[in-house]
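Structural overview
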Amino acid sequence: MSAVLDHTVPPSPAQEFWQGFAANRGALAALLVFSLITVACLFAPLVAPYDPIEQFRDAMLAPPVWAEGGSTRFLLGTDELGRDMLSRLLHGGRVSLGIGLASVLMSMIPGVLLGLVAAFFDRWASPAIMRVMDIVLALPGLLLAICVITVLGPGLVNTVIAIAIGALPGYVRLTRAQALGEMGRDYVTASRVAGAGLPRLMFLTVLPNCLAPLIVNATLGFSSAILEVAGLGFLGLGVQPPTAEWGTMLSTARDYIARAPWVVTLPGLAILVTVLSINLMGDGLRDALDPKLRKVS
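Here the structure is a predicted model, which is why all the values come from computation and not from measurement.

Notes on the overall build of the protein chain
Each helix and strand in the protein chain was counted, giving twelve helices and zero strands. Projecting the C-alpha coordinates of the protein chain onto the three principal axes gives extents of approximately 75 × 65 × 30 Å. Residues counted as buried form 42% of the 297 residues belonging to the protein chain. Approximately 15,800 Å² of the protein chain is accessible, and the part contributed by carbon and sulfur atoms is 67%. The centroid of the 19 positive side-chain charges in the protein chain is displaced by 7 Å from the centroid of its 19 negative side-chain charges.

So this is what it looks like as structure tokens:
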């Protein structure tokens, strides 16, 4: 009898990644929720019914549409100055997500570079770099951000810098550990023997094999950055009024929590849902990028 040949085409890396990610139903649902939030915030000038700083003095602390006394004029009600809550949530999301993304990039890029330098120059560069990172790690992230902003002053750019400084040591330590683990492998030795230069070894040989844990760490760092942005805004050290930002909205509305609970509940829910969806997506990325965690079909 003739042997039956299996002509099944193996999945591509992208298909394999998506299969591993989609196997986590929670991560898939989180991706959908986060995508909706991101699209709504990106197109806030088109979606928001009003300008986020426009005040309606005749409708201060108006309740949302589902509450008694609410109307379709303000679907989510208004705040203590008569500003539309839906418009401020959408525009505030742009600020919170933008600061979170910028701080992740500002900490990840130099963190990866310093981590590679510490791994490849283990004798003279690594002790100095890692001791500085240990000093930064000695302070909690939010406390360090408060110290930085106290020196630089509150504001959007300074908030990004403050959060990025606190997240830098995590990327340096993770990159160094991953690079040291890869440098002893045969493919790196073969590249050295073939005459590959140091930049090629660092960025084209070793770094691509360190990206999986870095991507997962960046995803989880994104959610932590959003929480820190909200925390700094709540303390009055982040983005300054009248710019809409979720933490700042919580801070200005806390005196009205009993009289108008929606002005506090809605920004808090926005932070909760966004951070939860990013964390669930991080779990899915970890499952998809780590071969040890992939489910064998």
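Remarks on the nonpolar core
Ranked by internal contacts, the top residues of the largest apolar core, which has 43 residues, are F120 and V263. Listing elements by their share of this core, those giving two or more residues are α2 (25-42), α4 (85-120), α7 (156-183), α9 (198-206), α10 (211-234), α11 (246-253) and α12 (262-289). Apart from the residues within four sequence positions on either side, F120 is in contact with M183, R192, L198, L201, M202 and V206. Formed by 14 residues, the second largest nonpolar core is a distinct cluster that contains L144, I149, V160 and I163.

Quick word on the packing of aromatic side chains
Each aromatic ring pair is specified by the distance between its two centres and by the angle formed by the two planes. Under the counting rule described, the total for this entry stands at seven aromatic pairs. Note on Y50 and F74: the rings are 5.5 Å apart at their centroids and 40° apart in plane angle, and the pair reads as tilted. Here Y50, found in the loop between α3 (44-47) and α4, pairs with F74, found in the loop between α3 and α4; they are 24 residues apart in sequence, far enough to count as distant. With relative accessibility at 22%, the residue Y50 sits in the partly exposed group. F74 gets classed as buried once you look at its relative accessible area, which sits at 2%.

Describing α7
For an α-helix, the turn length of 3.6 residues means that residues three or four places apart are oriented alike. End to end, α7 covers 40 Å across 28 residues, agreeing with the expected 40 Å (1.5 Å per residue, within 8%). Most pronounced at A167, the bend in α7 amounts to some 35°, and the proline P169 follows within four residues.

Points about a nonpolar patch on the surface
Together, V33, L269, L272, V273, L276 and L280 give the surface a local cluster of nonpolar side chains, amounting to about 460 Å² of exposed area. By residue number, the principal contributor to the nonpolar patch is α12, which donates five residues. Secondary-structure assignment places L272 in helix α12.

Examining the pattern of salt bridges
Counting across every chain of the model gives ten salt bridges. Residue D58 pairs with R73 through a salt bridge whose shortest N-O separation is 3.3 Å. Pair noted here: D58 is in the loop between α3 and α4 and R73 is in the loop between α3 and α4, with a separation of 15 residues, a long-range link. With relative accessibility at 37%, the residue R73 sits in the partly exposed group. With a closest N to O distance of 3.3 Å, E182 and R185 form a salt bridge.

Let's talk about the environment of Q55
With respect to the helices and strands, the residue Q55 is situated in the loop between α3 and α4. Judged by relative accessible area, which is 35%, Q55 ranks as partly exposed. When the C-alpha atoms of Q55 and R83 are compared, they prove to be 4.8 Å apart, with 28 residues separating the residues in sequence. Ignoring sequence-local partners within four residues, the contact set of Q55 consists of L81, G82 and R83.

With respect to the environment of G197
Of note, G197 is situated in the loop between α8 (186-193) and α9. Overall, G197 belongs to the partly exposed group, its relative accessible area being 35%. As for G197 and F34, which are separated by 163 residues in sequence, their C-alpha atoms are 42 Å apart.

Definitions and limits used
Residues numbered from 1 in each chain as written. Predicted model: local features only at pLDDT ≥ 70, side-chain atom pairs only at ≥ 80, totals over all residues. Heavy atoms only, no water. Helix = DSSP H or I, 4+ residues; strand = E, 2+ residues; numbered from the N terminus. Buried < 20%, exposed > 50% of the residue type's maximum accessible area, 1.4 Å probe, protein only. Areas by Shrake-Rupley, 256 points an atom, 1.4 Å probe, with all protein chains shown as cover. Lys, Arg positive; Asp, Glu negative; His and termini not counted. Charge placed at Lys NZ, Arg CZ, Asp CG, Glu CD. Core = buried A, V, L, I, M, F, W, Y, C linked by side-chain atoms within 4.5 Å. Contact = heavy atoms within 4.5 Å. Phe/Tyr/Trp six-rings, centres within 6.5 Å; stacked < 30°, edge-to-face > 60°. Expected span 1.5 Å × (residues − 1). Bend = angle between axes of the 7 residues up to and from the residue. Patch = residues over 30% accessible without salt bridge, like charges linked within 9 Å, V, L, I, M, F, W, Y side chains within 5 Å. Salt bridge = Lys/Arg side-chain N within 4 Å of Asp/Glu carboxyl O.

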